[in-house]
Amino acid sequence: MSDEKQFCTFFLDNHFFGVEVEKVQEVFRYQEMTPVPLASPTIRGLINLRGQIITAVDLRRRLNMPDRPEGQLPMNVVIRTSEGAVSLLVDEIGDVLEMNLESYEPPPDTISGITRDLVRGVYKLDTSLLLILDTIKTIQVDS
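Criteria and thresholds
Residues numbered from 1 in each chain as written. Predicted model: local features only at pLDDT ≥ 70, side-chain atom pairs only at ≥ 80, totals over all residues. Heavy atoms only, no water. Salt bridge = Lys/Arg side-chain N within 4 Å of Asp/Glu carboxyl O. Helix = DSSP H or I, 4+ residues; strand = E, 2+ residues; numbered from the N terminus. Buried < 20%, exposed > 50% of the residue type's maximum accessible area, 1.4 Å probe, protein only. Contact = heavy atoms within 4.5 Å. Pairing = 2+ DSSP bridges. Phe/Tyr/Trp six-rings, centres within 6.5 Å; stacked < 30°, edge-to-face > 60°. Core = buried A, V, L, I, M, F, W, Y, C linked by side-chain atoms within 4.5 Å. Axes fitted to C-alpha atoms, helices over the stretch in contact; angles between N-to-C directions.

K.L.:
What should I look at first to understand the pattern of salt bridges in this one?
P.N.:
Side chains that differ in sign of charge can pair as their charged atoms come close. Summed over the entire model, instances satisfying the criterion amount to twelve salt bridges. Of the charged contacts, one joins Arg60 and Asp91 as a salt bridge, the two residues approaching to 2.7 Å between their closest N and O atoms. Taken together, the residues span a long stretch of sequence, with Arg60 in helix 1 (residues 59–62) and Asp91 in the loop between strand 7 (84–90) and strand 8 (92–100) at a distance of 31 residues. Pair check on accessibility: Arg60 and Asp91 agree, each one buried.

If you want it as structure tokens, here you go:
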């Protein structure tokens, strides 16, 4: 059995996040969205992806980060869930990283607020932390 796990990585407001690669359906550039009336501000809209309608969750808003600068378009990380595909809107896509399970740690005390609730754990890298998101909690958005 392998002691390593692969993560699809991305950036949000200069923070480095990852989700398990087996949960990722695909990643793609910004695509126009249809707004959803009366939805939470975290739900940016619906995307028609080759006939599949998926909800787009703005991760900056979900993590209480400042909105993306004007003119900066998000990228889509589409994850598979038990209720269908959901797009996570992120700033920039990173690489797929293979991490050793021995270096996995719980979130540090310096992470607080909603981010602490949504981050399952971290991997220490040479210059930063890779924050692993709990995708199930992340897509649970109150309306």
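K.L.:
Can you help me understand the side chain of Ser87 in this one?
P.N.:
Secondary-structure assignment places Ser87 in strand 7. Those residues in contact with Ser87, other than ones at most four positions away along the chain, are Ile47, Ile54, Thr55, Ala56, Val57, Asn76, Val77 and Val78.

K.L.:
Before we go on, may I ask you to explain the pairing of strand 2 (residues 15–20) in this structure?
P.N.:
Two faces, one strand: in a regular strand the side chains alternate between the faces of the sheet. The buried fraction of strand 2 amounts to five of the six residues, a majority that puts the element mostly inside the structure. Counted along the chain from strand 1 (residues 4–12) to the antiparallel partner strand 2, the turn is two residues long, and its residue Asp13 has a positive phi close to 50°.

K.L.:
Whenever I open this one, the sheet that holds strand 1 confuses me. Can you help?
P.N.:
Backbone hydrogen bonds hold the strands of a sheet together, and the pairing may be parallel or antiparallel. Read from one edge to the other, the open sheet built from six strands follows the order 8-1-2-11-10-9, with strand pairing classed as mixed. In this open sheet, the two edge strands, each paired with only one partner strand, are strand 8 and strand 9 (104–105). When strand 9 meets strand 10 (residues 119–124), the two strands line up antiparallel, connected through two bridges. Residue pairing in the sheet places Tyr104 in a bridge with Tyr123 of strand 10.

K.L.:
Honestly, the packing of aromatic side chains in this entry has me stumped. Any pointers?
P.N.:
Aromatic ring pairs are reported here in terms of the distance separating the ring centres and the angle at which the planes meet. Considering all chains together, one arrives at four aromatic pairs under this definition. Relative to Phe17, the ring of Phe10 lies with its centre 6.0 Å away and its plane at 15°, an arrangement referred to as stacked. Pair check on accessibility: Phe10 and Phe17 agree, each one buried. By way of ring pairs, the aromatic residues Phe7, Tyr104 and Tyr123 are connected into one cluster.

K.L.:
So what exactly am I meant to see when it comes to the nonpolar core here?
P.N.:
Nonpolar side chains tend to gather and get buried jointly when the protein is soluble and globular. Counting 23 residues, the largest nonpolar core has Phe10, Leu12, Phe17, Leu59, Val77, Val90 and Leu133 as its most contacted members. Looking at this core, the elements with two or more residues in it are strand 1, strand 2, strand 6 (75–81), strand 7, strand 10 and strand 11 (129–133). Those residues in contact with Leu133 that lie beyond four places of it in its chain are Phe10, Phe17, Gly18, Val19, Glu20, Leu59, Leu118, Val119, Arg120 and Thr138.

K.L.:
It is not clear to me how the sheet that holds strand 6 should be interpreted in this structure. Could you clarify?
P.N.:
Reading across from one edge, 3-6-7-5-4 is the order of the five strands in this open sheet, with mixed pairing throughout. For this open sheet the edge positions go to strand 3 (24–28) and strand 4 (43–49), each flanked by a neighbour on one side alone. Strand-to-strand twist of the sheet, defined as the mean angle between neighbouring strand axes without regard to direction, takes the value 25°. Strand direction decides the pairing type here: strand 4 and strand 5 (residues 52–58), joined by six bridges, are antiparallel.

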